[in-house]
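# A closer look at the structure
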Amino acid sequence: GESVGLHLPTLSVQEGDNSIINCAYSNSASDYFIWYKQESGKGPQFIIDIRSNMDKRQGQRVTVLLNKTVKHLSLQIAATQPGDSAVYFCAEAYRGAQKLVFGQGTRLTINP
Amino acid sequence: DAGITQSPRHKVTETGTPVTLRCHQTENHRYMYWYRQDPGHGLRLIHYSYGVKDTDKGEVSDGYSVSRSKTEDFLLTLESATSSQTSVYFCAISESGSYNSPLHFGNGTRLTVT
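Residues numbered from 1 in each chain as written. Chains lettered and ligands numbered in written order. Predicted model: local features only at pLDDT ≥ 70, side-chain atom pairs only at ≥ 80, totals over all residues. Heavy atoms only, no water.

So, on to the environment of A:Asp55. All names here are of chain A. Among the structural elements, aspartate 55 can be located in the loop between strand 4 (45-51) and strand 5 (56-58). Counting along the chain gives 13 residues from aspartate 55 to lysine 68, while the straight-line C-alpha distance between them is 8.3 Å. For aspartate 55, the contacting residues outside a window of four places in its chain are Ile50, Val64, Leu65, Leu66 and Lys68. (Helix = DSSP H or I, 4+ residues; strand = E, 2+ residues; numbered from the N terminus. Contact = heavy atoms within 4.5 Å.)

Below is the structure:
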């Protein structure tokens, strides 16, 4: 599959444990944030998004936390499964921007 | 895959040759985008379209052109491919085009320029 980053930060977790993937964003004007999952050989897949008027948003087995004070975003995955192995990207955007600005990604590996 | 088909999935071409990548969507979305993904750079926007025959440049548009003659098709052309254009190219679509709505991506085209 495609190499999305040869030297990405890597997080290894045991199957069944919770995973927390962190992201620091750069622009204090950003008010929209989004997480993508990218499996080998595939395109980024939308997981969950959050707007800056919220601190927390939950989806199916995932939770995104936003701390605007320190410009930090995290993705929590509950009861990590082998199918969660992938590269996870955060992205940010602000009103007037023409595009999302993507982070470099974190590779999540699951230990059996 | 949000009804997005990219073709070809893999392409090897020589420096100086023209290359066209195709993105086809079945969602009838107005907004379409071309990104490239490279190690150390993440995803970067090349060009985008906000309707038939309406396109604009992204942050890395030099050396690329696009065309959109139908809602469902967005073509990316490298007029004269260079080795620096070796990359994985992703097409994305958006229903609203708003900055605060998600993009949905295809599965990419891996292009190698020798």
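Turning our eyes to something else, we now look at the interface of chain B and chain A. Many analyses report the size of an interface as the accessible area lost when the parts associate. Each partner contributes to the interface: chain B provides 25 residues, whereas chain A provides 28 residues. Summed over both partners, the interface of chain B with chain A buries about 2,100 Å², with 54% contributed by carbon and sulfur atoms. Across the contact surface, chain B and chain A share 0 salt bridges. Our count for the chain B to chain A interface comes out at 7 residue pairs in polar contact (both at pLDDT 80 or more). Listed by contribution, the elements that provide at least two residues to the side of chain B that touches chain A are strand 4 (31-38), strand 5 (42-51), strand 9 (87-94) and strand 10 (104-105) of chain B. Examining the composition of the side of chain B that touches chain A, we find that 4 residues originate from one element, strand 5 of chain B, more than from any other. Split into classes, the residues belonging to the side of chain B that touches chain A amount to 11 nonpolar, 10 polar and 4 charged. (Buried area = accessible area lost by both parts, 1.4 Å probe. Salt bridge = Lys/Arg side-chain N within 4 Å of Asp/Glu carboxyl O. Polar contact = N/O pair within 3.5 Å; in protein donor to acceptor, adjacent residues only side chain to side chain. Nonpolar A, V, L, I, M, F, W, Y, C, P; charged D, E, K, R; others polar.)

Moving on to the sheet that holds strand 3 (residues 19-25) of chain B. Residue and element names in this part refer to chain B. On the basis of which strands lie adjacent, the open sheet formed by 4 strands has the order 1-3-8-7 and antiparallel pairing. Edge positions in the sheet fall to strand 1 (4-7) and strand 7 (64-70), since each of these pairs with one other strand and no more. Across the sheet, the mean angle from the axis of one strand to that of its neighbour is 20°, orientation sign disregarded. (Pairing = 2+ DSSP bridges. Axes fitted to C-alpha atoms, helices over the stretch in contact; angles between N-to-C directions.)

Residue and element names in this part refer to chain A. Sheet architecture is open: 4 strands sit in the order 2-7-6-5, paired in antiparallel fashion. Across the chains shown, the open sheet's two edge strands, defined by having one partner strand only, are strand 2 (19-24) and strand 5. Recorded for the sheet is a direction-independent mean angle of 15° between the axes of neighbouring strands. Bridging between strand 5 and strand 6 (residues 62-67) involves 3 bridges; their strand directions are antiparallel. The partner of arginine 57 across the bridge, within strand 6, is valine 64.

Moving on, we get to the nonpolar core. In terms of nonpolar packing, the biggest core is built from 22 residues, with A:Tyr36, A:Leu100, A:Phe102, B:Tyr33, B:Tyr35, B:Leu103 and B:Phe105 touching the most fellow members. For this core, the secondary-structure elements that each account for two or more residues are strand 3 (32-38) and strand 8 (86-93) of chain A together with strand 4, strand 5 and strand 9 of chain B. Counting residues per element, this core draws most heavily on strand 8 of chain A, which supplies 4 residues. Apart from residues lying up to four places away in sequence, A:Leu100 is in contact with A:Tyr32, A:Ile34, A:Tyr36, A:Ala91, A:Glu92, A:Ala93, B:Tyr35, B:Tyr99 and B:Leu103. (Core = buried A, V, L, I, M, F, W, Y, C linked by side-chain atoms within 4.5 Å. Buried < 20%, exposed > 50% of the residue type's maximum accessible area, 1.4 Å probe, protein only.)

Once that is clear, we can look at unusual backbone geometry. Cis geometry is adopted by the peptide bond preceding B:Pro8, which originates at B:Ser7 and carries an omega value of -10°. Within the fold, B:Pro8 resides in the loop between strand 1 and strand 2 (10-13). One non-glycine residue, A:Arg61, lies in the positive phi region at around 70°. With respect to the helices and strands, A:Arg61 occurs in the loop between strand 5 and strand 6. Positive phi, close to 55°, is recorded for A:Lys71, a residue that is not glycine.

Next up on the list: the pattern of salt bridges. Residues and elements named next belong to chain B. Following the criterion strictly, the structure yields 7 salt bridges over all chains and no others. The partner of aspartate 38 in a salt bridge is arginine 36, and the shortest N-O contact between them spans 2.8 Å. Judged by relative accessible area, which is 8%, arginine 36 ranks as buried. By sharing partners, the salt bridges in this structure join Arg22, Lys70 and Asp73 into a single network.

It is worth stressing that arrangement in space is one thing and function is another; only the former is reported here.
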